[in-house]
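# Report on the structure
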Amino acid sequence: EEDVVSAYLRRMRAQGTTLTFIGHRPPFDGHQLAASRRSVPGKEDQIWIWWMRPEGQSWRIDDLVLDGHSAVNTEVQEYATVLENNNGDMNALIAFMRKRAAK
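Residues numbered from 1 in each chain as written. Predicted model: local features only at pLDDT ≥ 70, side-chain atom pairs only at ≥ 80, totals over all residues. Heavy atoms only, no water.

### A short note on helix α2 (residues 71-85)
With 15 residues, α2 extends 21 Å from end C-alpha to end C-alpha; this agrees with the ideal 21 Å at 1.5 Å per step. Of all the residues in α2, the buried ones are Ala-71, Val-72, Glu-75, Tyr-79 and Val-82. What you see down the axis of α2 is that its buried residues fit within an arc of 95°, all on one side. Exposed and oriented more than 90 degrees from the buried face of α2 are Gln-77, Glu-84 and Asn-85. For α2, the side-chain oxygen to backbone nitrogen distance between the N-cap and Val-72 is 3.3 Å, and the N-cap itself is Ser-70. Once α2 finishes, Asn-87 follows within two positions and takes phi at roughly 55°, a positive value. (Helix = DSSP H or I, 4+ residues; strand = E, 2+ residues; numbered from the N terminus. Expected span 1.5 Å × (residues − 1). Buried < 20%, exposed > 50% of the residue type's maximum accessible area, 1.4 Å probe, protein only. Arc of directions from axis to C-beta. Polar contact = N/O pair within 3.5 Å; in protein donor to acceptor, adjacent residues only side chain to side chain.)

What follows is the structure in structure tokens.
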């Protein structure tokens, strides 16, 4: 969960990227939902919906929804596929995760 959200936050480093707060919804299932618009020059804007929950004096981002799809669930499915294709070999999953992190 933390790695997935961190990967999306790294995408904010792209030259000219802006993130504009759009609004929020009342708390749902212990989470606050907030929406923002990600703009990158030359690309179509994206709406990012952040699932956050209070953690001490701050907030923790638990998930990010893009185009109606949970980033965390998408990664879980991808990890499951890697494990399935490699007979449950955790080393294969770790290698996959390291390769992705290096990008």
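There is more to say after this.
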